[in-house]
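Here is how the chains run, residue by residue.
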Amino acid sequence: MRKRTLFRLAAGTATVGAATLAYASLVERNMFTLRRYDVPMLPADAEPLRVLHLSDLHMMPDQGRKQRWVASLAALDPDLVVVTGDNMAHPGAVPGVLRALQPLLDYPGAFVFGSNDYTGPVLKNPFTYFLPDREYTEGVDLPYEELRQVFTGAGWVDLNNARTMLKAGGRQIDLVGVDDPHIDRDDYPTVSGAVSSSADLSIALTHSPEPRVLDQMAADGFGLLLAGHTHGGQVCVPGFGALVTNCGLPRSMARGLHRWPGSDSWLHVSAGLGTHPTAPVRFACPPEASILTLIPR
């Protein structure tokens, strides 16, 4: 009797596990979701400004559903489009990224790259994400220069360790960004400095939301910090949240809108739209894009 009970318990656990895996890999990772946030950071008499934040597409050539959903976001008519990296997951991904983003290239835009714009993903043990000092392993080279030319050719601003003023929504925006801190390509000191007094608002971009970078951006007075990389945890526990962020960011800030500690800056971390190709699952953390409506304080 005892053996029979244990067998039934094991069989039930295996069934639940299989069903959960099937849901995470076949259903939730394709449940593309639009998040909406109001960010109170403008002067009292300012008109709202709408920022569409996209991140972590991890595009494969055959992901037509994702491409069509992202392309449909042009109907939101944003004032500014911001992309915070990890666009590709395959050497042949550029046409797919272009199909997704083509309708959005008509809007003012800015971007930074992530590690998976430079090199492709490699098979790894998912439990290594819990190791803070794990070694980064590079995969096959990806056509990041081709992707850069597509973006800049459409007029989007390359903010990989760069800074500029951009007009969008009738406002002058002080923009700064760094290349991916996750692989030590960031060089914020070369672009640092207080927000311009002639700017109506200020936005800073980084792929990986490393506190050492966010602290510097906030100290310079940038009002909105935008990042991706975390996938929101990708596999979360309901009622508990992300298990890991894959960076120095606290788990409680793995996705969504937060005040950056010790500053007046807002931080928005996108949970992103894709997954690592060797771990194509999401649980309690659907893929997302965000429309941030900047409003008066």
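Coordinates for the structure precede this section.
Source: prediction; values computed, not measured.

**Q** Explain unusual backbone geometry to me, using residue names and the numbers behind them.
**A** One non-glycine residue, Asp-86, lies in positive phi territory at about 55 degrees. By the secondary structure assignment, Asp-86 is in the loop between β3 (80-83) and α3 (94-101). Owing to a relative accessible area of 4%, Asp-86 belongs among the buried residues under this scheme. Within the chain, Asp-184 stands out as a residue other than glycine whose phi angle is a positive 60 degrees. Mapping Asp-184 onto the fold places it in the loop between β7 (171-177) and β8 (201-205). The exposed category is assigned to Asp-184, whose relative accessible area is 63%.

**Q** Report on the packing of aromatic side chains, specifying residues and quantitative values.
**A** Taken as a whole and assessed by the stated rule, the structure comprises 6 aromatic pairs. Seen from their ring centres, Phe-113 and Tyr-118 are 5.7 Å apart, and the 90 degrees between their planes marks the pair as edge-to-face. Since its relative accessible area comes to 0%, Phe-113 is described here as buried. Classification of Tyr-118 as buried rests on a relative accessible area of 6%. Ring geometry for Phe-151 and Trp-156: centres 5.2 Å apart, planes at 40 degrees, overall tilted. Classification of Phe-151 as buried rests on a relative accessible area of 1%. Grouping aromatic residues by their ring pairs yields a cluster made of Phe-111, Phe-113, Tyr-118, Tyr-144, Phe-151 and Trp-156. Residue placement shows Arg-185 over the ring face of Tyr-118; its charged tip is 3.8 Å from the ring centre.

**Q** Go over the sheet that holds strand β4 (residues 109-111), please, and point to the residues and values.
**A** Taking strand neighbours across the sheet as the criterion, the 6 strands line up as β1-β14-β2-β3-β4-β5 in an open arrangement whose pairing is mixed. The sheet terminates laterally at β1 (33-42) and β5 (157-158), the two strands that pair on one side only. Two strands pair when backbone bridges link them, and strand β2 (residues 49-54) and β3 are joined in this way by 4 bridges, in the parallel orientation. When the bridges of β3 are listed, His-53 appears paired with Val-82.

**Q** Tell me about the environment of Ser-290, and name the residues and values.
**A** For Ser-290, the position within the fold is in strand β14 (residues 288-296). If we skip the residues at most four places from it in the chain, Ser-290 touches Leu-34, Arg-35, Tyr-37, Val-51, Leu-52, His-53 and His-268. Side chain to side chain, Ser-290 and His-268 meet in a polar contact 3.1 Å long.

**Q** How would you explain the nonpolar core if you had to name every residue and give the values?
**A** Counting residues in each nonpolar core, the largest one holds 31 residues, and the members touching the most others are Leu-54, Val-70, Leu-104, Phe-151, Trp-156 and Leu-273. Breaking this core down by element, the ones donating at least two residues are β2, α2 (64-72), β3, α3, α5 (144-153) and β14. When residues in this core are grouped by element, the largest group, 4 residues, is from α3. Listed in part, the 24 residues of the second largest apolar core include Val-39, Val-51, Leu-166 and Ala-168.

**Q** Provide a residue-level description of the pattern of salt bridges, including the pertinent values.
**A** The tally for this structure, following the rule as stated, stands at 7 salt bridges. Measuring nitrogen to oxygen at the nearest pair gives 2.6 Å for the salt bridge that ties Arg-212 to Asp-186. One end of the pair, Arg-212, is in helix α6 (residues 211-219); the other, Asp-186, is in the loop between β7 and β8, and 26 residues separate them in sequence. One network of salt bridges, in which partners are shared, links Glu-145, Arg-148 and Asp-158.

**Q** Account for the pairing of β8, naming residues and giving values.
**A** With 5 of 5 residues buried, β8 lies mostly within the body of the structure. Neither face of β8 is open: one carries Leu-201, Ile-203 and Leu-205, the other Ser-202 and Ala-204, and all of them are buried. Of the strand pairs in this sheet, β7 and β8 are connected by 5 bridges, and their pairing is parallel. Bridged to Val-176 within β8 is Ala-204. Relative to strand β9 (residues 224-227), β8 runs parallel, the two being bridged by 3 bridges. Directly across from Leu-205, in β9, lies its bridge partner Leu-226. Viewed along the sheet, the connection from β8 through α6 into β9 turns out right-handed.

Reading the values: rules and limits
- Residues numbered from 1 in each chain as written.
- Predicted model: local features only at pLDDT ≥ 70, side-chain atom pairs only at ≥ 80, totals over all residues.
- Heavy atoms only, no water.
- Helix = DSSP H or I, 4+ residues; strand = E, 2+ residues; numbered from the N terminus.
- Buried < 20%, exposed > 50% of the residue type's maximum accessible area, 1.4 Å probe, protein only.
- Phe/Tyr/Trp six-rings, centres within 6.5 Å; stacked < 30°, edge-to-face > 60°.
- Lys NZ or Arg CZ within 6 Å of the ring centre and 35° of its normal.
- Pairing = 2+ DSSP bridges.
- Contact = heavy atoms within 4.5 Å.
- Polar contact = N/O pair within 3.5 Å; in protein donor to acceptor, adjacent residues only side chain to side chain.
- Core = buried A, V, L, I, M, F, W, Y, C linked by side-chain atoms within 4.5 Å.
- Salt bridge = Lys/Arg side-chain N within 4 Å of Asp/Glu carboxyl O.
- Right-handed = clockwise from strand over helix to strand, strands pointing away.

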